[in-house]
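For reference, the chains in residue letters:
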Amino acid sequence: MTSANMGIPSAEFLASVRDALGRADAPPENAYEPLTDDLATLENRAIEVRERIAGELPELSRRLGETAALRGWNVTRCAGVEETLDYVVSLARRLGATSVPRSEQSVFDDVPVDAALAGVGALCWPAVYDGPDSREGIRRRLADSSMGITGADYAIAETGSVIVLPRRGLSRLVSVVPPVHVAIVRQSDIIGTLDDLFALRRLEYHQNGQSGTADMGSYLNFITGPSRTADIEQTIVVGVHGPREVHMVLLDEE
């Protein structure tokens, strides 16, 4: 097959990208300086981030809701646990959900969705692998579910994104496979910017990852609205490679 049939040659394409970015023809030999901050520096930076977030929390919560709505989230504010459970139950009823997978996160210690959904005949279950043979079974159950529920390890006001961190045994497909995804966001989960996220994660890495006491994972799961796919004519289609409908429940903790 000739280069004409393959489209733009890769060298020409990369050159156009570098030109648009104002960069030389080749990346610098040392593109990034090594990360040399010590633990004390990272701890102080994280303290500053947390103090600023605490002082800006009402505004960050408002901005998160607005930005998330622009990204395609269905945003609902709930004044407490009971309103949150009522919302989740009403959504399950609308969907006719009978099997509802959820993540294994601390938010469900305070928001007992399992019991609430059981009251309307829906089985809510944690999608956690308990052995190598359980993966396929969980994936089949996820494929047969009409909605999945997660918490948020972080929710970024700047981008309207929910972040779910990888956990040993936990299937990230809870937020990907069911056609409807519900994310329950507590006030304590909200941060301002991507810079805040990386500052806090770097500290966690130094505190836990380097010591070998925690599995820090190899990725972060950013969820910014429903799944969107564009075809060759740039027509946007929702829900092809992920949920077509996403709900962000902002829980105002009592």
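Above this text is the structure in question.
The paragraphs below set out a description of the structure included in this document.

Calculation rules
Residues numbered from 1 in each chain as written. Predicted model: local features only at pLDDT ≥ 70, side-chain atom pairs only at ≥ 80, totals over all residues. Heavy atoms only, no water. Buried < 20%, exposed > 50% of the residue type's maximum accessible area, 1.4 Å probe, protein only. Helix = DSSP H or I, 4+ residues; strand = E, 2+ residues; numbered from the N terminus. Arc of directions from axis to C-beta. Contact = heavy atoms within 4.5 Å. Polar contact = N/O pair within 3.5 Å; in protein donor to acceptor, adjacent residues only side chain to side chain. Phe/Tyr/Trp six-rings, centres within 6.5 Å; stacked < 30°, edge-to-face > 60°. Lys NZ or Arg CZ within 6 Å of the ring centre and 35° of its normal. Expected span 1.5 Å × (residues − 1). Bend = angle between axes of the 7 residues up to and from the residue. Pairing = 2+ DSSP bridges.

**Comments concerning helix α7 (residues 134-143)**
Residues that lie three or four places apart on an α-helix share one face, since the helix turns once every 3.6 residues.
Here is step 1 of the chain: By the burial criterion, the buried members of α7 are Ser134, Ile138 and Leu142. Along the axis of α7, the buried positions cluster into a sector of 75°, meaning they face one direction only. Residues of α7 that are exposed and point more than 90 degrees away from the buried face comprise Arg140 and Ala143.
Here is step 2 of the chain: Elements that come into contact with the buried residues of α7 comprise β2 (99-102) and β3 (123-126).

**Details of the side chain of Thr159**
Here is step 1 of the chain: Structurally, the position occupied by Thr159 is in the loop between β5 (154-156) and β6 (161-164).
Here is step 2 of the chain: Polar side-chain contacts of Thr159 include one of 2.7 Å to the side chain of Ser161.
Here is step 3 of the chain: Setting aside its immediate chain neighbours within four residues, Thr159 contacts Thr67, Arg71, Leu194 and Thr224.

**A word on the packing of aromatic side chains**
Here is step 1 of the chain: Counted under the stated rule, the structure contains zero aromatic pairs.
Here is step 2 of the chain: A cation over a ring is seen here: Arg141 above Trp125, with NZ or CZ 3.8 Å from the ring centre.

**Some thoughts on the side chain of Glu245**
Here is step 1 of the chain: Inspection of the secondary structure assignment puts Glu245 in strand β12 (residues 245-251).
Here is step 2 of the chain: There is a polar contact of 2.6 Å between the side chain of Glu245 and the side chain of His247.
Here is step 3 of the chain: The residues touching Glu245, leaving out its near neighbours within four places in the chain, are Asn74, Leu91, Arg94, Pro179, Val180, His181 and Pro226.

**Notes on helix α3 (residues 39-70)**
Here is step 1 of the chain: A rise of 1.5 Å per residue sets the reference length of α3, with its 32 residues, at 46 Å; its end C-alpha atoms lie only 37 Å apart and thus fall more than 12% short of the reference.
Here is step 2 of the chain: Approximately 75° is the largest bend angle found in α3, and it occurs at Glu56, with the proline Pro58 only one to four residues beyond.
Here is step 3 of the chain: If you check which residues of α3 are buried, you get Leu42, Ala46, Val49, Ile53, Leu60, Ser61, Leu64, Gly65, Thr67 and Ala68.

**Here we look at the pairing of β12**
Here is step 1 of the chain: Of all seven residues in β12, seven are buried; the element is thus mostly enclosed.
Here is step 2 of the chain: Where burial is concerned, the two faces of β12 agree: the one with Glu245, His247, Val249 and Leu251 and the one with Val246, Met248 and Leu250 are both buried.
Here is step 3 of the chain: Taken together, the five bridges between strand β1 (residues 74-78) and β12 define a ladder with parallel strand orientation. From the neighbouring strand, Thr76 faces β12, where its bridge partner is Val249.

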